[in-house]
Each structure stands twice: as C-alpha cells, then as structure tokens.
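# Residue-level structural notes
Each chain, letter by letter, is given below.
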Amino acid sequence: KSIVEFDFGYTRWGVHDRVHFNNDPSDALNDIIFNAIGKTSPGNDKGYRDSFSLHLGGKYDLTDKMTLMAGTLFYTKAVPDFHYTPAVADSNRYGISGGIGYRLHERLNGDLSYIFLIGKNNVDREAVLGTNLDGRYTSVYNEFVLNATFLWEDLFQRKYAGKIDDGAKPII
C-alpha cells in the first residue's frame, strides 16, 4: 500500500511588528545583538513578510510491519534582507527526508527518520554592529528523529445506546 501526500502551509509573520527578548543585562555587545534581533525604534518595524511552505511526502508499506517513508519540503523566508542578521538564520529552506517505520506490537509503532535541510541567503547591506554583512549565508541542518506511537484506538470497549460497540458507528 502506498500513500502520497501534499501539504501547503501559510504563516502570517507580517503581523509581528517586533520580537521582544527579555534578557538580563550582560554586556554592551550582547545588548546590541539582542536589540538588533528583537527590538525596533518607533515607526521602524521589522518588515516581516508572510511566508509559505510546501511539503510532498510518501510512504510505502514494504511488509505488514515495515514502512518506508520519504519526502521533500520548501519554506520561504519571512525576514527581509534589510533586517537580516546572522543570529537569526532565516532564509529560503529546502529539505529532504527519509525514514523507516516498524510495527513493534499491535498498538506500538516505532519510526526512525533523517531530515537534511539547507538554507541560503544572499545579503548586501550594512550590519547592525557597524560592519558589513555582505555575503552568502548557508545554514545546514541534519536531524535524526526517533519516534514511538502508541495506538489508543479501540483500547477500551465503547458503549453506544447501551450496546457494546462491535466496530459499528455510534448510534445517534
């Protein structure tokens, strides 16, 4: 049995005028960085844009107990170049994933997956700290995920209208 799925996501980052960090005073350089990331002067918002994401994935049941999974994804960046800072790794991101699932018990599944994500951003502007941020920035993420799922479905007998459920739909 094979399944292919597609997902479109939309995030309204544009509603955020600024992001606030509550940080303890540490030193002047850290305060400058926190202010650059999260705070703006009045009338000068961060210019965050709404962004979207696309996901395409599939799974294939190799046996009754083993499933293979694979997918790809794309996210658009929300932070415009004029507010880019390397401390916030926001860029268009592309990724691929793969994994294997195994039914350990009638009610317990285990999954192991790997996700590779890369983000690229070209910047041409002055930095907040008085230096130049011109350049190409690349972020690379490698993520391993181990997941366990317990299936609660039909764990307990259900009663509908005084009758024990035998798998039929509830009586309304």
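Cut-offs used in this document
- Residues numbered from 1 in each chain as written.
- Predicted model: local features only at pLDDT ≥ 70, side-chain atom pairs only at ≥ 80, totals over all residues.
- Heavy atoms only, no water.
- 1 Å grid on protein atoms, 1.4 Å probe; cavity = no way out; pocket = protein on both sides within 12 Å on 5 of 7 lines; lining within 4 Å.
- Points joined across faces, edges and corners; volume = space filled by probe spheres on them.
- Helix = DSSP H or I, 4+ residues; strand = E, 2+ residues; numbered from the N terminus.
- Nonpolar A, V, L, I, M, F, W, Y, C, P; charged D, E, K, R; others polar.
- Buried < 20%, exposed > 50% of the residue type's maximum accessible area, 1.4 Å probe, protein only.
- Pairing = 2+ DSSP bridges.

## Overview of the layout of surface pockets
- For the largest pocket, the calculated volume is near 300 Å³.
- Those elements that place two or more of their residues in the lining of the largest pocket are strand E1 (2-11), strand E2 (51-61), strand E3 (66-75), strand E4 (92-105) and strand E5 (108-123).
- Of the residues belonging to the lining of the largest pocket, the class tally is 4 nonpolar, 7 polar and 2 charged.
- By volume, the second largest pocket is sized at about 230 Å³.

## A look at the pairing of E1
- Counting buried residues along E1, only 1 of its 10 residues qualify, which leaves the element largely exposed.
- In the sheet, E1 pairs with E2 via 10 bridges, with the strands oriented antiparallel. Along E2, the bridge assignment pairs Phe6 with Leu56.

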